[in-house]
Amino acid sequence: MVERQLQITIKPSSSRLLRNIQEKAIEILLFLAACSSVATTIAIIGILVYESITFFREVSLINFLTDTQWSPLFDDAHYGILPLLSGTLVTTTVALSVAVPLGTIAAIYLSEFAPFRFRELIKPCLELLAGIPTVVYGYFALLFVTPLLQNFLWDLPGFNMLSAGIVMGIMIIPYVSSVSEDAMRSVPVQLREGSYAMGATRLQTALKVVFPAAISGITAAYILGISRAVGETMIVAIAAGLQPTLTWNPMNEAATITAYIVSVSLGDLPHGSLEYQTIFAAGLTLVLMTLVLNIFGYFLSRRYREKY
Amino acid sequence: MQQDLQQIKTIIARNKLWQGLFAVVGLLSILVGIVTLITLILDLFIDGLPRLSWQFLISFPSRKPEEAGILAAWVGTILVMIVTAIASIPVGIASGIYLEEYAGKNWLTGLIEINVTNLAGVPSIIYGLLALGLFVYQFNLGESVLTAGLTLALLVLPIVIVTTREALRAIPNSIREAAYAMGASKWQTICDHVLPYSIGSILTGVIIGLSRAVGETAPLITIGALTFIAFLPDPPIKAEFPYISFSWLQAPFTVMPIQMFNWVSRPEPDFQINAAAAGVVLICMTLGMNALAIYLRYRIRKQIKW
């Protein structure tokens with residue numbers, strides 16, 4: 001320390017130069033690290049598009065979008081994405097019809113009704129739901145929820161989208177509730193006070209003042225939940241079966257896009273074969289879906305943004 | 001007048017009733033989540049605990065369910081996590097520092113920020129496809145521990161970046177100003193003051209990120225992790241010169257969630273008991289890490305008095 005000070009007093013110019021170079025070098029290094037995320041995005045798009053282009057040379061896009069069968073591994077190969085899309089949409093719908101109402105009500109309760117200590121205790125507990133490995137949820141859906149549902153839905157098969165969707169919905173609850181609770185809590189307290197001053201009850205304030213004021217954040221939470229459900233893999237791969245079928249009935253067995261990718265990866269995939277490329281085409285479809293969702297959510301939250 | 005008062009009173013009573021009803025519904029909907037969590041853990045423990053023994057932890061998988069164990073799986077998980085941590089923590093913290101402390105307001109910063117947010121929403125299996133195309137076939141890293149670690153590192157990176165930024169943002173500007181006033185350079189300020197004060201919160205985020213990586217299955221199946229493996233990678237430390245070996249990086253591997261997935265997708269009930277036992281170990285690992293993170297966050301919040 002003393003030495004350094006001495007140096008500075010003796011040769012201020014050269015040490016300052018050194019220091020400036022060092023500072024600049026560190027900044028460039030940090031900048032390069034920050035660019036890693038851009039590089040990742042470019043790599044994801046690059047790989048997916050590159051492999052899909054070879055796929056779409058063999059299979060026409062119209063065929064891909066309209067054929068009602070997906071059986072790339074059979075001799076009579078069909079490449080229609082619709083069965084995988086229907087599986088994804090059905091499981092997502094079931095998951096959302098569990099997660100959105102429960103998550104929203106939980107968020108309203110936690111932000112407007114619950115006492116401080118209760119909230120501090122419950123919030124981390126709910127967040128643990130998101131921390132459990134999805135493989136474990138798959139086990140739970142297949143070996144606990146399905147037998148439970150079979151008690152009153154007798155013709156429910158062992159693999160079905162219903163139990164996978166329900167369990168997935170419960171897994172998504174914390175994503176919905178946490179983000180919407182944060183959004184509602186950041187609504188200024190004056191708005192609540194104004195509402196109370198008009199004689200509104202807590203419930204009226206929560207539903208008619210706080211909820212609309214926080215709607216942009218709540219929409220963001222829903223979009224996050226949807227994109228989690230669309231991309232969720234292991235629960236559906238374990239509990240919904242791996243049979244691509246075009247069906248809209250949640251009681252049936254079906255495969256989602258993600259489950260298909262997993263089931264094909266489990267076999268030995270020859271690099272460069274058409275089967276190998278199908279998983280990239282399916283992956284590209286998945287990325288496009290989540291991208292559309294993100295853009296949609298972005299505009300929706302901007303459209304409804306409240307200014308206070 | 002009397003009648004009006006009566007009307008108002010009934011309206012108030014009705015509103016209070018609705019409010020009470022909602023409070024009950026709210027509590028119930030929270031309970032659904034909590035009860036499921038408890039049921040899931042109990043179900044897993046009841047099924048798996050009898051199978052859990054020392055023998056189970058130090059045996060390789062086997063065709064006979066009662067002889068099978070998870071040795072290869074937990075060793076693989078630890079090795080993969082080491083690579084993930086080494087790759088993701090420095091890069092994540094560095095980009096967090098850049099975005100929070102250095103980046104100006106321009107289109108490039110905006111682009112990086114949009115990217116970080118978007119990457120956090122990309123389904124994990126897409127990272128598996130990226131790794132399959134890029135690491136396995138372009139860089140020829142093979143279906144190895146190294147590939148798996150790097151894949152999960154990419155997955156964890158957005159989490160580390162976001163938590164680093166939040167931790168740095170929580171440091172008041174007066175600390176930076178005080179350091180500058182003493183003649184410290186920007187990097188000295190960050191390195192000697194901002195970073196040490198925020199390292200606890202950053203650590204919390206890193207632990208949460210790694211605990212997510214421990215439970216990730218899909219991307220590793222995609223890159224072609226084996227589901228049945230009956231040997232261990234080379235040990236990283238050797239008795240003879242040069243003492244350290246990196247051949248474990250190229251070794252094929254399996255991890256805990258894949259082992260569990262393998263067992264749960266077999267029809268024999270005995271293997272599903274094994275799956276439950278593996279699930280108990282897995283859930284103890286991830287929930288333990290989560291609990292540690294929550295505890296750390298709690299301690300840090302109590303300690304800080306700016």
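Residues numbered from 1 in each chain as written. Chains lettered and ligands numbered in written order. Predicted model: local features only at pLDDT ≥ 70, side-chain atom pairs only at ≥ 80, totals over all residues. Heavy atoms only, no water.

### A closer look at the overall build of chain A
Here is step 1: Helices and strands together make up the secondary structure of chain A, namely 13 helices and zero strands.
Here is step 2: When the helices and strands of chain A are listed from N to C terminus, the series reads α-α-α-α-α-α-α-α-α-α-α-α-α.
Here is step 3: Relative to the globule expectation of 19 Å for 308 residues, the C-alpha radius of gyration of chain A, 26 Å, shows a markedly less compact shape.
Here is step 4: Its C-alpha atoms put chain A at 85 × 65 × 35 Å along the principal axes. (Helix = DSSP H or I, 4+ residues; strand = E, 2+ residues; numbered from the N terminus. Rg over C-alpha atoms; globule rule 2.2 N^0.38 Å.)

### With respect to the side chain of Arg119 of chain A
All names here are of chain A.
Here is step 1: If you trace the backbone, Arg119 turns up in helix α5 (residues 116–131).
Here is step 2: Side-chain polar atoms of Arg119 contact the backbone oxygen of Leu110, separated by 3.1 Å.
Here is step 3: Ignoring sequence-local partners within four residues, the contact set of Arg119 consists of Leu110, Ser111, Pro124, Glu181 and Arg185. (Polar contact = N/O pair within 3.5 Å; in protein donor to acceptor, adjacent residues only side chain to side chain. Contact = heavy atoms within 4.5 Å.)

### Regarding the packing of aromatic side chains
Residue and element names in this part refer to chain A.
Here is step 1: One pass over the structure, following the stated rule, counts eleven aromatic pairs over all chains.
Here is step 2: Judged by centre distance (5.1 Å) and plane angle (75 degrees), the rings of Phe55 and Phe56 are edge-to-face.
Here is step 3: Judged by relative accessible area, which is 26%, Phe56 ranks as partly exposed.
Here is step 4: Ring geometry for Tyr109 versus Phe113: centroids 6.0 Å apart, planes at 5 degrees, classification stacked. Placement of the pair is Tyr109 and Phe113 together in helix α4 (residues 82–113), with a separation of four residues, close to one helical turn.
Here is step 5: In this structure Tyr109 comes out as buried when scored by relative accessible area, which is 8%.
Here is step 6: The exposure class of Phe113 is buried, given its relative accessible area of 14%. (Phe/Tyr/Trp six-rings, centres within 6.5 Å; stacked < 30°, edge-to-face > 60°. Buried < 20%, exposed > 50% of the residue type's maximum accessible area, 1.4 Å probe, protein only.)

### Re helix α7 (residues 161–185) of chain A
Residue and element names in this part refer to chain A.
Here is step 1: Taking 1.5 Å of rise per residue, 25 residues should cover 36 Å, and α7 covers 35 Å from first to last C-alpha, within 8% of that figure.
Here is step 2: Residue Ile172 marks the point of greatest curvature in α7, where the axis turns by about 35 degrees; the proline Pro174 follows within four residues.
Here is step 3: At the N-terminal boundary of α7, the capping side chain belongs to Asn160, with an oxygen 3.1 Å from the backbone nitrogen of Leu162. (Expected span 1.5 Å × (residues − 1). Bend = angle between axes of the 7 residues up to and from the residue.)

### Examining the UniProt feature "transmembrane region" (unreviewed entry) in chain B
Residues and elements named next belong to chain B.
Here is step 1: When the UniProt feature table is mapped to this numbering, "transmembrane region" (unreviewed entry) covers residues 21–46, 71–99, 119–139, 145–164, 194–211, 217–234, 241–261 and 273–296.
Here is step 2: In this annotation, residues 71–99 is assigned 100% helix and 0% strand; the end-to-end C-alpha distance for the span is 41 Å.
Here is step 3: Segment residues 145–164 splits into 100% helix and 0% strand. End C-alpha atoms: 27 Å apart. (UniProt positions renumbered as here; feature names shortened; annotations may be inferred.)

### Here we look at the confidence of the model for chain A
Here is step 1: On average, residues of chain A carry a pLDDT of 85, and 92% of them reach 70 or more.
Here is step 2: Here helix α1 (residues 2–10) of chain A is the element of chain A with the lowest mean pLDDT, 51, and α4 of chain A is the one with the highest, 92. (pLDDT = per-residue confidence, 0-100.)

### Re the nonpolar core
Here is step 1: Judged by nonpolar contacts, the single largest core of 174 residues is most densely connected at Ile172 and Ile279 of chain A together with Leu220 and Phe253 of chain B.
Here is step 2: Each of two domains, domain 1 (1–51) and domain 2 (54–303) of chain B, supplies a minimum of three residues to this core.
Here is step 3: Setting aside anything within four residues of it in sequence, one finds Ile172 of chain A in contact with Ala95, Ala99, Gly225, Arg228 and Ala229 of chain A. (Core = buried A, V, L, I, M, F, W, Y, C linked by side-chain atoms within 4.5 Å. Domains from an automatic or database assignment.)

### Focus on the domain arrangement of chain B
All names here are of chain B.
Here is step 1: Along its sequence, chain B is carved into domain 1 (1–51) and domain 2 (54–303).
Here is step 2: Spacing between the C-alpha centres of domain 1 and domain 2 amounts to 38 Å.
Here is step 3: Considering only the surface of domain 1 that becomes buried against domain 2, Leu44, Phe45 and Arg51 emerge as the three largest contributors, covering 69% of it.
Here is step 4: If you look at where domain 1 meets domain 2, you find zero salt bridges. (Buried area = accessible area lost by both parts, 1.4 Å probe. Salt bridge = Lys/Arg side-chain N within 4 Å of Asp/Glu carboxyl O.)

### Comments concerning a nonpolar patch on the surface
Here is step 1: A contiguous nonpolar patch, built from Leu288, Leu291, Ile295, Tyr298 and Phe299 of chain A and spanning about 500 Å² of accessible area, is present on the exposed surface.
Here is step 2: Within the secondary structure layout, Leu291 of chain A lies in helix α13 (residues 274–303). (Patch = residues over 30% accessible without salt bridge, like charges linked within 9 Å, V, L, I, M, F, W, Y side chains within 5 Å. Areas by Shrake-Rupley, 256 points an atom, 1.4 Å probe, with all protein chains shown as cover.)

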